[in-house]
Amino acid sequence: MAANSRCSAAEPPDLETQRREVECLLRDCELRAGDSWFMVDHRWYEQWKEFVESGDQNSSCPGQIDNTELFEDVCSNHLKERLVENEDFVLVPAAAWHKLLSWYGMVDQQPPLERKVVDLPSTLKVEVYPVEIFLCLHGSMENVTMAQFSRTDSIHSIQMAMCRVFSLPPTCECRLWMKSSENNCERLRNVHMSVLDACLSSGMTVIMETRNADGTWPSTRPLILRNSVEEQDSYRGQPGVCGLTNLGNTCFMNSALQCLSNTPPLTEYFLQSIYLEELNFSNPLGMKGEIAEAYADVIKQMWSGHHYSVVPRVFKTKVGHFASQFLGYQQHDSQELLSFLLDGLHEDLNRVKNKEYIELRDAEGRPDQEVAEEAWRNHKRRNDSVIVDTFHGLFKSTLICPQCHKVSVTFDPFCYLSIPLPVSKERVMEVFFISLDPYAKPMQHRVVVPKAGKVLDLCLALSEMTEVPETQMVVADVFKHRFYKIYTPDESLSCILDRDDIFVYECSAQSDQQVLLALYLRERAHYRDYGSVSTTLFGHPLLLSVPRSSCSPEALYQIFLQRLARYVRAPNPSGELEEDEDDDDDEEELYKSQTNGISDDDEQDDAEPTGSSQSEACYADGLANSRHQDPIAPSEVHIRPPPPEEGDVHSMCTGAPKPLCSGDAGPSDGHIHARGEESRAEVAEEGNDEAENEEEPPQSDAIAEDDGKQEEACSPSSPVNEQAAKTRTCRRKKRLFDIQAVNCNGLERETGPNLTLSSQPYVALDWDAEIKKRFYNENEAEKYVKHSSMDVPLQQTTVQLQECIQLFTTVETLEEENPWYCPVCKKHQLATKKLDLWSLPEVLIIHLKRFSYTKFTREKLDTIVDFPLRNLDFSGCLLRKKLSNGEPPSRYDLIAVSNHYGGLRDGHYTSYARNKDNGQWYYFDDSKVTYATEEQIMTNAAYVLFYHRQDKMRKPCVAAPSPSSAICTASSTSKASSMQPPEADVSAATPSCVSAFAELTMETN
């Protein structure tokens, strides 16, 4: 390749014409971003200028364009470093280059040096040195090739170049990673972004990976539980019949994903990778395409047919990143997740890149058809995605001002219908009634009370069954052998949940001569090796009225003993418990010197020195110890510990009586806490650790009929007659229990020179373990009987889905918290509002509002909604009666159901879904999948319904499996033993699912 080669064979124009045309192009051409300019060797260009300026055709011709001096290596065509414009090379626009090339040609095997104009910050510049990037495939990192790209080239151009270099089809699904260092890789998500905007620079490596056949990516292959990778690779199942692993209280997410996965138009949109062309990375309301990509990965794995179950960990992480309410592993609501996911997918896939501002107009008397079409056009101008195409409909909203009767009509889009369920004004409560008769067993009653009623209404309803005046009833919530709360008659019944253990105590008529005591039972444990004593609550607490005249220690002991007579055997008067006082001194001194803490709570008070003499111990007799004994008084007083000669319990009950309320001494403010200020929900979480120390309320007649393996041989004796006096000697009779003043938690009150007591007295009866074993009949204490009201079966309420839809379109008055601003009255008004359905989408989502919250009640409605599996006809519900040509029909078939089992505080989500390929119904319970029949689908757990319009449904392309085939589960060895789906196992959810669900349901409406 000689520099002075002969001129091109094509005859160029005369020299003057050449000079004039090139100079004109150089003078008029401006730098514009994206335009191409070409590098020409400076020596050759100067020689050409001399040639054309001389005007002599016979002078030295520059020959073919030769840029040899610009290359560092002719073979590699790699430019020398630090080349300087107008010294080493000149830049000519594309038009001038093509003229020169056509006139003179170019040296063989030498590439043209085309360079792009790039828009750098504050300047436009021709890119002399392009970005040199190393390219390789994932899994073949040693096979690296280098390519040059302009900073204005898109990432898609790099992707296409890599497909050509590595012989991959251009339509293959792949993704690119930018490796800037040994330990740093970043995903190149937006393929429409330029190399400059993606911050790619020379020396970096771009790695391409293609999706596996099972829907996973080589770089993020999921962990498959209970199956090896080889088993997963060899597994071939029905696409879409795939479980989702519960990551910890993520059953709500799994249920929503299974329903969307079996929505045919949306799933096919992702399986065909159409979403890749519609990812919107610039939408400020979106998630930069990350939610759409994470959802696509889950769908492609589930529909690959290569998995028993998929672990949606990446998807869960993305959801938590963009919606902080779903962070962590607390239980949530499937409908709330569904709402977020549909909105997130819409914004990530919105075809509208720049949303224009549109001012909404009121109808102002125009025809509904005109206003509706205008509203839909405006909606599509800002929102256009597969979610809008599939799930969005239109309803008409009519507001009427109650003062000026202004009518405002608007048409608003919707993504799903949240329809209410009929709410009953009454509720059924189950309570235990404790009679004054000490020999009467507790009786379980079922009463009907107003939902917005008060505790007094409960007492009135129970009074009709028991013939006990309501004024002699006290209602309490018992939890872990304590009074969680003692209710006053004017408190709302909404404070009582269905799962609470409610006891109603019959008490003597209150008067100034009566004091009402709350009675706990505690078992005392001695730890001589450690020099300590602890107590543990057991049994059911009691409430009883005590005459003030009978508040001496001896009288109280006899009253308590008589109240427990049904299951406590009185000691033999012949001295069954008589013992030498000296033998018991050590044990009593230990008990007196230690603080009695509840072992369940690991709480202890500070021990006080007793300073008690032997005579004081004899005098105290029936008390727990002779140290500062807490008096029991209904009014707040300040007293000093009585001297031995004044230490009768009568002094504890002076003061005017007050009605029983939920207040008590200590920091609990009427609520029983497990530890200090902890809430009852926190106590419930520790229930498993304390199960061995607590007695649960009886739940069936079987408890009442079972005598138990360790029942006492002799039955409880008749009431013990009080003795007028006891001779105090150094030989005494040991009592069954000691009486101790405590707070509402069952802990010892603090003692001191001045003791403050509140209005509600609590007393504990402390039992030694051996005495309790001999005289306390646990089996008898747990027995109860059922009232005839318990035999009446509860009627399951059933409503038609059409009734709920009609309730949705009923006229309602706006609440005070959400008024409407009337443009005529110029103020907010409580207008009447009516919603009507105008147009329905291809896939209609119906959310049944099972979680009801009002000012008075909180409940989950277990009403059975009778919804059709086929031919759900909305023609009677649509406001638009006449359909124009081409309008779709309004008949729908069911394709999926999200179920919620449980109540307000706990729950478990599952789903039913119809496979789009074979038409078979399946039951999805996290990673477990079983066949389902159509008869199983309609239950009182149905929460979110998915309907597909009949004109868009396609016939199954695969034959449905036979009922005798194996069920699909996460285990490859499972066989079909039953067609019934498993019952909802609320306990299967992780522990925090139970404690957190009370909060999530508060937001479902």
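Because the structure is predicted, anything quoted here is derived from the model rather than measured. (Residues numbered from 1 in each chain as written. Predicted model: local features only at pLDDT ≥ 70, side-chain atom pairs only at ≥ 80, totals over all residues. Heavy atoms only, no water.)

Regarding the overall build of the chain
Alright, step 1. A count of helical and extended segments in the chain gives 22 helices and 46 strands.
Alright, step 2. In the chain, buried positions account for 51% of the 1005 residues.
Alright, step 3. With an accessible surface of roughly 46800 Å², the chain has 49% of that area assigned to carbon and sulfur atoms. (Helix = DSSP H or I, 4+ residues; strand = E, 2+ residues; numbered from the N terminus. Buried < 20%, exposed > 50% of the residue type's maximum accessible area, 1.4 Å probe, protein only. Areas by Shrake-Rupley, 256 points an atom, 1.4 Å probe, with all protein chains shown as cover.)

Some details on a nonpolar patch on the surface
Alright, step 1. A contiguous nonpolar patch, built from Phe-134, Val-144 and Met-146 and spanning about 240 Å² of accessible area, is present on the exposed surface.
Alright, step 2. Residue placement: Phe-134 occurs in strand S7 (residues 131–137).
Alright, step 3. Looking at Phe-134, the relative accessible area reads 33%, which means it is partly exposed. (Patch = residues over 30% accessible without salt bridge, like charges linked within 9 Å, V, L, I, M, F, W, Y side chains within 5 Å. Salt bridge = Lys/Arg side-chain N within 4 Å of Asp/Glu carboxyl O.)

Comments concerning the sheet that holds strand S10 (residues 184–188)
Alright, step 1. Pairing within the open sheet is mixed, and its 5 strands lie in the order S8-S7-S11-S9-S10. The sheet terminates laterally at strand S8 (140–149) and S10, the two strands that pair on one side only. Strand-to-strand twist across the sheet, computed as the mean angle between neighbouring axes with direction ignored, equals 30°.
Alright, step 2. Bridge analysis of strand S9 (residues 174–181) against S10 gives 5 bridges, and the strand direction is antiparallel. Each residue of the ladder has a partner; that of Trp-177, found in S10, is Arg-187.
Alright, step 3. Contacting S7, S8, S9, S10 and strand S11 (205–210), helix H4 (residues 155–165) runs over the sheet at an angle of about 70° to S11. (Pairing = 2+ DSSP bridges. Axes fitted to C-alpha atoms, helices over the stretch in contact; angles between N-to-C directions. Contact = heavy atoms within 4.5 Å.)

Quick notes on the pairing of strand S36 (residues 832–839)
Alright, step 1. Where strand S14 (residues 393–400) meets S36, 7 bridges bridge the pair, whose relative direction is antiparallel. Each bridged residue has a counterpart across the sheet, and for Lys-396 the counterpart in S36 is Asp-836.
Alright, step 2. With 2 bridges connecting them, strand S33 (residues 812–813) and S36 associate as antiparallel partners. By the bridge assignment, Glu-812 is partnered in S36 with Lys-833.

Concerning the pattern of salt bridges
Alright, step 1. This structure, assessed with the given rule, holds 47 salt bridges.
Alright, step 2. Residue Glu-290 is joined to Lys-318 by a salt bridge in which the shortest nitrogen-to-oxygen separation is 2.7 Å. Note that Glu-290 is positioned in helix H8 (residues 290–302) and Lys-318 in helix H9 (residues 313–322), a separation of 28 residues in sequence.
Alright, step 3. Here Glu-290 falls in the buried class, since its relative accessible area comes to 17%.

Remarks on the nonpolar core
Alright, step 1. Counting 57 residues, the largest nonpolar core has Leu-260, Phe-270, Tyr-295, Phe-315, Phe-391 and Phe-946 as its most contacted members.
Alright, step 2. Broken down by element, this core gets its largest block of residues, 8 residues, from H8.
Alright, step 3. Not counting the four nearest positions on each side in its chain, Phe-391 is found in contact with Leu-260, Thr-263, Leu-266, Leu-342, Phe-414, Cys-415, Pro-841, Val-843 and Ile-845.
Alright, step 4. Residues Ala-476, Phe-503, Cys-551 and Ile-559 belong to the second largest nonpolar core, which totals 48 residues. (Core = buried A, V, L, I, M, F, W, Y, C linked by side-chain atoms within 4.5 Å.)

With respect to the side chain of Thr-910
Alright, step 1. Here Thr-910 lies in strand S43 (residues 907–914).
Alright, step 2. Given a relative accessible area of 1%, Thr-910 falls into the buried group.
Alright, step 3. Here Tyr-923 takes part through its side chain, which lies 3.2 Å from a polar atom of the side chain of Thr-910.
Alright, step 4. Not counting chain neighbours up to four residues away, the residues in contact with Thr-910 comprise Ser-255, Val-897, Ser-898, Asn-899, Tyr-901, Tyr-923, Phe-924 and Asp-925. (Polar contact = N/O pair within 3.5 Å; in protein donor to acceptor, adjacent residues only side chain to side chain.)

Here's the deal with the sheet that holds strand S6 (residues 123–126)
Alright, step 1. The 4 strands lie next to each other as S4-S1-S5-S6, forming an open sheet whose pairing is antiparallel. Each end of this open sheet is capped by a strand with a single partner; those strands are strand S4 (89–93) and S6. If you compare each strand with its neighbour and ignore which way they point, the axes differ by 35° on average.
Alright, step 2. Where strand S1 (residues 36–41) and strand S5 (residues 114–120) come together, 3 bridges link them in antiparallel fashion. Bridged to Phe-38 within S5 is Glu-114.
Alright, step 3. The strands that helix H2 (residues 42–54) touches are S1 and S4; relative to S1, the one it contacts most, it runs at about 85°.
Alright, step 4. Sitting on the sheet, helix H3 (residues 94–104) touches S1 and S4, and the angle it makes with S4 is about 105°.

Some details on helix H14 (residues 553–563)
Alright, step 1. With 9 of 11 residues buried, H14 is to be regarded as a mostly interior element.
Alright, step 2. When H14 is considered as a whole, its buried residues turn out to be Pro-553, Ala-555, Leu-556, Tyr-557, Gln-558, Ile-559, Phe-560, Leu-561 and Arg-563.
Alright, step 3. Its buried side turned inward, H14 meets strand S17 (426–434), strand S22 (514–527), strand S23 (532–547), strand S28 (737–742) and strand S30 (762–768).

Describing the packing of helix H6 (residues 251–261) against helix H10 (residues 334–348)
When two helices pack together, their arrangement is captured by the angle between the axes and the distance separating the axes.
Alright, step 1. Remark: H6 packs on H10, axes separated minimally by 8 Å, with the N-to-C direction vectors making an angle of 55°. Relative to H10, the element H6 is oriented oblique. Relative to H10, the crossing made by H6 is right-handed. In this structure, H6 contributes Phe-252, Met-253, Ala-256, Leu-257 and Leu-260 to the contact, and H10 contributes Ser-334, Leu-337, Leu-338, Leu-341 and Leu-342.
Alright, step 2. Split into classes, the residues belonging to the contact of H6 with H10 amount to 9 nonpolar, 1 polar and no charged. (Parallel < 35°, antiparallel > 145°, perpendicular 65-115°, else oblique. Left-handed = near helix turned anticlockwise from the far one by under 90°. Nonpolar A, V, L, I, M, F, W, Y, C, P; charged D, E, K, R; others polar.)

Digging into the packing of aromatic side chains
Alright, step 1. Under the definition given, this model contains 29 aromatic pairs.
Alright, step 2. A ring pair is formed by Phe-326 and Phe-340, whose centres lie 6.0 Å apart and whose planes are at 45°; its orientation type is tilted. In this pair, Phe-326 sits in the loop between H9 and H10 while Phe-340 sits in helix H10, placing the two residues 14 residues apart along the sequence. Both residues of the pair, Phe-326 and Phe-340, count as buried.
Alright, step 3. These aromatic residues form a ring-pair network of at least three members: Phe-432, Phe-483, Phe-503, Tyr-505, Tyr-520, Tyr-762 and Tyr-784.
Alright, step 4. Positioned above the aromatic ring of Tyr-329, the side-chain terminus of Lys-316 is 4.7 Å from the ring centre.
Alright, step 5. The cationic tip of Arg-735 hangs over the ring face of Tyr-557; the distance from NZ or CZ to the ring centre is 4.4 Å. (Phe/Tyr/Trp six-rings, centres within 6.5 Å; stacked < 30°, edge-to-face > 60°. Lys NZ or Arg CZ within 6 Å of the ring centre and 35° of its normal.)

A closer look at the side chain of Asn-383
Alright, step 1. You can see Asn-383 is positioned in the loop between helix H11 (368–382) and helix H12 (386–391).
Alright, step 2. The class for Asn-383 is buried, based on a relative accessible area of 14%.
Alright, step 3. Polar side-chain contacts of Asn-383 include one of 2.9 Å to the side chain of His-346.
Alright, step 4. Those residues in contact with Asn-383 that sit more than four places away from it in its chain are His-346, Glu-347, Asn-350, Val-352, Lys-355 and Val-388.

Concerning helix H7 (residues 264–271)
An α-helical turn contains 3.6 residues, so a residue and the one three or four places further along point in the same direction.
Alright, step 1. Most of H7 is tucked away, with 6 of its 8 residues classed as buried.
Alright, step 2. Listed as buried for H7 are Pro-264, Pro-265, Leu-266, Thr-267, Tyr-269 and Phe-270.
Alright, step 3. Phi turns positive, to about 60°, at Ser-273, one or two residues after H7.

Overview of the confidence of the model for the chain
Alright, step 1. Of all residues in the chain, 74% have pLDDT values of 70 or greater, and the mean over the chain is 77.
Alright, step 2. Here residues 589–730 is modelled with pLDDT under 50, and outside its nearest four sequence neighbours on either side it reaches 325 contacts, counting other chains as well.
Alright, step 3. Low pLDDT, under 50, characterises residues 964–1005; the stretch is placed with 105 contacts to residues that sit more than four places away or in other chains. (pLDDT = per-residue confidence, 0-100.)

Quick word on the environment of Met-429
Alright, step 1. By the secondary structure assignment, Met-429 is in strand S17.
Alright, step 2. The spatial distance from the C-alpha of Met-429 to the C-alpha of Arg-446 is 5.7 Å, given a sequence separation of 17 residues.
Alright, step 3. In this view, Met-429 contacts His-445, Arg-446, Val-447, Val-449, Leu-458, Leu-493 and Ile-496; residues no more than four positions away in its chain are not counted.

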